[in-house]
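Results of the structural survey
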Amino acid sequence: MIRKLIITVIVVAVAGLGIYAFIKSRGPDTATGEETTPSVITVQVGALTNVTLHRYVEGYGTVEPAPATAEQPAAGATLAAPVAGVVARVNAIAGQQVTKGDVLAELNSGAMTVDYAEQAAARQEKLYAQQNTSLKNLQDAEAQLASLRVIAPLAGTVTRLNVKPGESVDVNTVVAEVIDLNRLAVSAAIPAAEANDLKIGEDVQMLTDPPATATLAFVSPAVEANNGTVLTRATLAAGSGLRPGQFVQLRVVTAVHTNCLTAPIESVVTDESGHSVIALVKGDEATQTPVQTDLREDGWVEISGTGLKEGDSVVTIGAYGLPEKTKIQVVNPNAKQ
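Residues numbered from 1 in each chain as written. Predicted model: local features only at pLDDT ≥ 70, side-chain atom pairs only at ≥ 80, totals over all residues. Heavy atoms only, no water.

**Section: the environment of Asn-259**
Along the chain, Asn-259 falls in strand β16 (residues 247-264). We classify Asn-259 as exposed; its relative accessible area is 52%. Taking the C-alpha atoms as reference, Asn-259 lies 10.0 Å from Glu-302; in sequence the two are 43 residues apart. The contacts of Asn-259, once residues within four sequence positions are left out, are Asn-50, Val-51 and Thr-52. (Helix = DSSP H or I, 4+ residues; strand = E, 2+ residues; numbered from the N terminus. Buried < 20%, exposed > 50% of the residue type's maximum accessible area, 1.4 Å probe, protein only. Contact = heavy atoms within 4.5 Å.)

Take a look at the structure:
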């Protein structure tokens, strides 16, 4: 009887130890309701630093000749045949530099050839110099000759030449195109909600290779009803290297904050109350510190807060969900800013 009692006590004791070990292995202490936490948390750190940040409005646009302004005519012209007829001569090639007034092509119409018109104009000019004809006769002859010529209205580059001698043309035939490649602009449609931040004169960056710069010259006061965008136009600097018709990605610089205090973007997290915080490192502890945020760019976010300064160490990897004040072990102690 005594032997059975001893065996029963031993079995109960072993079972109790097993249950206790199982409960401890499950994590939280069921007896007290408390959770066990690691005494030290491994993190990576970075440093607060002062940099210059920008705010951008981004979009896509197309390179085109600059439109006419009060000071300058349009930087491009598409030239149609002045009359129906047959191409007699072509005096230019695509890619050629021309000046204003150069004759690019000449036509024979059904009523007159260009050679006859040239001779008639020359004869009237000679007679007028001798005072043997009227100014009206001279002007009529010159107008007749001009109606058979395709003339460059501006200095620039022949970007298109669509006809050859002997081809028939009518007044809808595009003969050539001339563009001043030093006067180009980029037109872009920007969502109306973002267009409110745009101001004439702001810098525009073309994200091309190589990059190019422009100046915002026009923001339409109207919104396109079919897509909710606002037409904008930026004037490119001469020699930008961009080509008419090229599709480009761009961004307008709408704000510049110089030498502002910033933190690595992964170090700024949201706490349980929805506020932005950083985990400021002091010795072997990390303490949550509230901050206000502003501009974000290239992995940095502008911050402000009580007592923060350049060079302060903050938790980067491991910042999210970090207890308010906890012991840490830094695995990248020599991390660069």
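**Remarks on empty space enclosed by the protein**
A full pass over the atoms with the stated rule returns 1 cavity of 30 Å³ or more. Lining of the largest cavity is provided by Val-186, Ala-188, Ile-190, Leu-198, Val-204, Leu-216, Thr-232, Ala-234, Leu-250 and Val-252. Mapped by element, the contributors of at least two residues to the lining of the largest cavity are β12 (184-191), β15 (229-236) and β16. When residues in the lining of the largest cavity are grouped by element, the largest group, 3 residues, is from β12. Of the residues belonging to the lining of the largest cavity, the class tally is 9 nonpolar, 1 polar and no charged. (1 Å grid on protein atoms, 1.4 Å probe; cavity = no way out; pocket = protein on both sides within 12 Å on 5 of 7 lines; lining within 4 Å. Points joined across faces, edges and corners; volume = space filled by probe spheres on them. Nonpolar A, V, L, I, M, F, W, Y, C, P; charged D, E, K, R; others polar.)

**Structural notes on the layout of surface pockets**
For the largest pocket, the calculated volume is near 230 Å³. The wall of the largest pocket is formed by 14 residues, among which Ala-66, Pro-67, Thr-69, Ala-217 and Thr-235 lie closest to the centre. Of all the secondary structure elements, the ones that give two or more residues to the lining of the largest pocket are β12, β14 (212-219) and β15. A per-element tally of the lining of the largest pocket places β15 first, with 3 residues. When the residues that make up the lining of the largest pocket are grouped by side-chain class, the tally is 8 nonpolar, 4 polar and 2 charged. Approximately 170 Å³ is the volume found for the second largest pocket.

**Structural notes on the pattern of salt bridges**
Across all of its chains, the model carries 12 salt bridges by this definition. Two residues, Glu-64 and Arg-233, come together in a salt bridge whose shortest N-O distance is 3.8 Å. With Glu-64 in strand β3 (residues 49-65) and Arg-233 in strand β15, this pair connects stretches of sequence that are 169 residues apart. On the accessibility criterion, Glu-64 (26% relative accessible area) is partly exposed. Taking relative accessible area as the criterion, Arg-233 reaches 19% and is therefore assigned buried. Linked by salt bridges that have partners in common, Arg-89, Glu-106, Asp-115, Glu-118 and Arg-149 make up one network. (Salt bridge = Lys/Arg side-chain N within 4 Å of Asp/Glu carboxyl O.)

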